[in-house]
Amino acid sequence: AALFRKWYFYRRRLRKSTITAEYEPPLGLNPAEIGYLFDGKLRQQEVGATIIHLIQRGFLHLKKVEGKKRIFAGPRVDENLKTYEKKLIDEADQPDGVEATHLLSRFTTLHQGDKATYGTRELIFTQLVHADLHRKQYVRGSFAKYFIAGALKIAVILQFILIFIPLIITFI
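Residues numbered from 1 in each chain as written. Predicted model: local features only at pLDDT ≥ 70, side-chain atom pairs only at ≥ 80, totals over all residues. Heavy atoms only, no water.

Structural notes on the overall build of the chain
Formally: Strands are runs of DSSP state E lasting at least two residues, helices are runs of H or I lasting at least four, and both sets are numbered from the N terminus onward. Note on definitions: a residue-residue contact is assigned when non-hydrogen atoms from the two residues lie within 4.5 Å. Only the protein chains shown count as cover for residues, and the accessible areas themselves come from Shrake-Rupley with a 1.4 Å probe.
For the chain, the count of helices and strands is six helices and five strands. Taken from the N to the C terminus, the helices and strands of the chain come in the order α-α-α-β-β-α-β-β-β-α-α. Put simply, 43% of the contacts in the chain that link residues at least 6 apart link residues at least 24 apart. Total accessible area on the chain is roughly 12900 Å²; 60% of this is exposed by carbon and sulfur atoms.

Below, the structure written as structure tokens:
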């Protein structure tokens, strides 16, 4: 009976208390950096979460124009932004704003000094995140080295499949 009474009052006390969830990124990192550190890749979810993170911090804002959600730059301006955050804000800095779905498709070139690097939006964004994490000493080496090593692994696997699988089938 004593155990039942303890369990009953403990259960009632749990129901009355409110649990508030507070989420803050560890080590002052943002969603893109955490996603990159987690698996070495950036997906649409991490880039979308970074856009939402910038909206929460006041660097971007959402407006509904003609039934479509559009993202505009501002009102806050800060010089301490990371390079990929600046790139996202620059891409959203249009007089009519940018549709939320089109903001990522505009993210395809990276201008550094006199030269421009062209690539997929994931590649450009990943390069920028890797460079910022490298400056903070969370990752080592250059992004290009890891990218080329991954591409070579894929090429070797494809060669193996294309050469040895037909040989195995002919012997069966």
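Remarks on the pattern of salt bridges
Put simply, the rule is: Throughout this description, the term salt bridge denotes a Lys or Arg side-chain nitrogen within 4 Å of a carboxyl oxygen of Asp or Glu. When accessible area is computed with a 1.4 Å probe and restricted to protein chains, residues below 20% of their type maximum are described as buried, those above 50% as exposed, and intermediate ones as partly exposed.
Scanning the entire structure with this criterion turns up seven salt bridges. One salt bridge connects Glu 33 with Lys 82, and the closest N-O pair in it is separated by 3.5 Å. Of this pair, Glu 33 sits in helix α2 (residues 31–39) while Lys 82 sits in the loop between β2 (68–73) and α4 (83–92), placing them 49 residues apart in sequence. No difference in accessibility class separates Glu 33 from Lys 82, as the two residues are buried. Asp 132 is the salt-bridge partner of Arg 135, the closest N and O atoms lying 2.0 Å from each other. In this pair, Arg 135 and Asp 132 both sit in helix α5 (residues 121–135), three residues apart, roughly one turn of the helix. Assessed through its relative accessible area of 6%, Asp 132 is described here as buried. Among the charged side chains, a network of salt bridges with common partners joins Glu 33, Lys 82 and Lys 136.

Quick look at unusual backbone geometry
Negative phi is the rule for most residues except glycine; trans is the rule for most peptide bonds. With a phi angle near 55 degrees, Glu 66 is a residue other than glycine that sits in the positive phi range. One can find Glu 66 in the loop between β1 (60–65) and β2. Not every positive phi belongs to a glycine, and Gln 137 is a case in point at roughly 65 degrees. Its place among the elements puts Gln 137 in the loop between α5 and α6 (143–171).

Some words on the nonpolar core
Cut-off, in case you're wondering: Residues belong to one nonpolar core when they are buried, are Ala, Val, Leu, Ile, Met, Phe, Trp, Tyr or Cys, and are joined through side-chain atoms within 4.5 Å.
Ile 51, Leu 54, Leu 60, Leu 103, Phe 125 and Val 129 are the most contacted members of the largest nonpolar core, which totals 23 residues. Going through the elements one at a time, α2, α3 (44–57), α4 and α5 are the ones with two or more residues in this core. Take this core: its biggest share by element is five residues, from α5. Excluding its chain neighbours within four sequence positions, the residues that come into contact with Leu 103 are Ile 51, Ile 71, Leu 88, Glu 91, Ala 92 and Val 98.

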